[in-house]
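What the coordinates show
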Amino acid sequence: MEKITKEVYLKWYEDMLFWRKFEDKLAAVYIQQKVRGFLHLYNGQEAVLAGSLHAMDLSKDKMITAYRNHVQPIGMGVDPKKVMAELYGKATGTSQGLGGSMHIFAPDKGFYGGHGIVGGQIPLGAGLAFADKYFKRGAVTLCYMGDGAVRQGSLHETFNMAMNWKLPVVFICENNGYAMGTSVERTANHTDIWKLGLGYEMPCGPVDGMNPVKVAEAVHEAVERARRGDGPTFLEMKTYRYRGHSMSDAQHYRTKDEVAEYKKIDPITQVKEVLLEKEFATEDDISAMDKRVKDLVKECEKFAEESPYPEKSLMYDAVYEQKDYPFLPHKL
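Summary of the structure given here. (Residues numbered from 1 in each chain as written. Predicted model: local features only at pLDDT ≥ 70, side-chain atom pairs only at ≥ 80, totals over all residues. Heavy atoms only, no water.)

Once that is clear, we can look at the environment of Phe-280. Mapped onto the fold, Phe-280 is located in the loop between α10 (267-277) and α11 (283-306). Along the chain, Phe-280 and Lys-136 lie 144 residues apart, while their C-alpha atoms are 41 Å from each other. Setting aside residues up to four positions removed in sequence, Phe-280 forms contacts with Lys-6, Tyr-9, Leu-10 and Leu-275. (Helix = DSSP H or I, 4+ residues; strand = E, 2+ residues; numbered from the N terminus. Contact = heavy atoms within 4.5 Å.)

Take Val-215: it is sitting in helix α8 (residues 212-228). For Val-215, a relative accessible area of 0% gives the class buried. Separated by 97 residues in the primary sequence, Val-215 and Val-118 have C-alpha atoms spaced 24 Å apart. Excluding its chain neighbours within four sequence positions, the residues that come into contact with Val-215 are Ala-47, Val-48, Gly-51, Ser-52, Val-207, Asp-208, Gly-209 and Met-237. (Buried < 20%, exposed > 50% of the residue type's maximum accessible area, 1.4 Å probe, protein only.)

This brings us to unusual backbone geometry. Between Gly-113 and the following residue, Gly-114, the backbone shows a cis peptide bond with an omega angle of 20 degrees. Despite not being glycine, Lys-136 has its phi angle at roughly 55 degrees, a positive value. You can see Lys-136 is positioned in the loop between α5 (121-134) and β2 (141-146). A relative accessible area of 77% places Lys-136 in the exposed class.

Once that is clear, we can look at the packing of aromatic side chains. Going through the model one piece at a time under the given rule, you end up with 13 aromatic pairs. Centre to centre, the rings of Tyr-240 and Tyr-262 are 3.8 Å apart; their planes meet at 5 degrees, and the pair counts as stacked. Linking Tyr-240 in the loop between β5 (233-238) and α9 (256-263) with Tyr-262 in helix α9, this pair joins segments that are 22 residues apart in sequence. Residue class for Tyr-240 comes out buried when judged on its relative accessible area of 2%. Exposure remark for Tyr-262: the relative accessible area of 32% places this residue in the partly exposed category. (Phe/Tyr/Trp six-rings, centres within 6.5 Å; stacked < 30°, edge-to-face > 60°.)

By the alternation rule, side chains of strand β4 (residues 204-208) split into Gly-205 and Val-207, which are all buried, and Cys-204, Pro-206 and Asp-208, of which none is buried. Relative to β5, β4 runs parallel, the two being bridged by five bridges. Bridge pairing in β5 links Gly-205 to Leu-235. A crossover links β4 with its parallel partner β5, the connecting element being α8, and its sense is right-handed. (Pairing = 2+ DSSP bridges. Right-handed = clockwise from strand over helix to strand, strands pointing away.)

Within the sequence span of α10, burial applies to Pro-267, Ile-268, Val-271, Val-274 and Leu-275. One side of α10 carries all its buried residues, which in axial view fall inside an arc of 125 degrees. Each element contacted by the buried residues of α10 is listed here: α1 (6-31), α2 (46-55), α8 and α11. Glu-279, located one to two residues past α10, shows a positive phi value of around 60 degrees. (Arc of directions from axis to C-beta.)

A few words on the nonpolar core. Counting 63 residues, the largest nonpolar core has Trp-12, Trp-19, Phe-22, Leu-26, Leu-142 and Val-219 as its most contacted members. Here this core takes 12 residues from α1, the largest share from any one element. Setting aside anything within four residues of it in sequence, one finds Trp-12 in contact with Ile-4, Ala-50, Gly-51, His-54, Pro-212, Val-213, Ala-216 and Val-271. Among the nonpolar cores identified, the runner-up in size contains 22 residues, and Ile-122, Val-150, Val-169 and Ile-193 belong to it. (Core = buried A, V, L, I, M, F, W, Y, C linked by side-chain atoms within 4.5 Å.)

A few words now on helix α6 (residues 153-164). Residues three or four positions apart in an α-helix share a direction because the helix packs 3.6 residues into each turn. Helix length check: α6 (12 residues) gives 17 Å between terminal C-alpha atoms against 16 Å at 1.5 Å per residue, within 8%. If you check which residues of α6 are buried, you get Ser-154, Leu-155, Thr-158, Phe-159, Ala-162 and Met-163. The buried side chains of α6 occupy one side of the element, clustering within an arc of 155 degrees when seen end-on. Exposed side chains of α6 directed beyond 90 degrees from the buried face belong to Glu-157 and Asn-164. (Expected span 1.5 Å × (residues − 1).)

What follows is the structure, encoded as structure tokens:
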């Protein structure tokens with residue numbers, strides 16, 4: 001794995017802080033009803049993305065995830081202004097405003113969604129990996145899911161096929177403890193989700209998902225295994241989300257004290273402490289990064305606010321129509 005240098009820590013801090021502030025801005029404009037529908041925010045889980053990106057080859061590797069998916073495409077190289085515009089439902093968004101919060105999509109940057117069906121992205125991730133193996137592209141797909149999605153039968157079907165065919169895919173469960181609002185302890189007879197891989201003899205294990213270094217190390221090992229042709233890995237990232245499942249979540253299932261305890265190991269704070277302890281950055285350097293982040297978030301908001309809505313006719317362009325559909329009589 002590429003050495004985790006001063007430059008990496010600086011990038012991690014600025015990236016993760018931007019992702020956090022980007023999501024905070026979305027929460028604010030959601031309350032103003034400028035963003036509609038569901039909104040699932042990533043606050044607290046940033047180390048999973050930061051560490052994963054460090055282990056990937058962004059020139060060819062792919063990523064697919066569920067509906068908590070705003071900052072992942074930004075990390076993959078998508079213009080954050082376009083992501084913000086998509087959430088606003090504007091024509092300048094990543095899907096011309098037709099996808100919205102849960103369906104960010106940017107295949108030109110290797111990001112394949114953004115999927116609203118719980119667990120729906122798991123077999124799709126294996127499918128992307130199958131294509132890469134078939135065409136000998138040497139690429140690896142990182143397929144993310146939440147702890148609630150591992151209860152879906154599609155995960156087990158996919159694990160079986162991925163191991164049979166030794167697909168170049170890394171399955172990553174971001175276990176933030178509560179799925180929508182129900183703890184793992186109440187939905188399963190086991191609490192170590194990573195052990196599900198054992199039933200398929202798939203390499204698997206737990207990872208500290210609040211520490212980007214630990215994430216990078218685990219994902220690097222899994223990616224290299226997949227790239228060698230040795231098949232998939234299943235990693236359980238033990239992480240935490242500071243906000244609710246979505247903006248409509250009253251969070252009655254946990255206490256404020258519990259959230260406060262997890263904020264003591266905030267991934268952004270952890271990286272900031274390393275920067276200061278190792279003298280990779282001064283307080284002035286950090287203040288300058290903070291200002292750049294705030295300015296960029298403002299640019300994204302301004303772009304989204306000023307962008308036009310798509311023409312209504314665009315919706316019809318996205319609907320598939322087969323004129324000679326064989327099962328309907330053309331004449332009665």
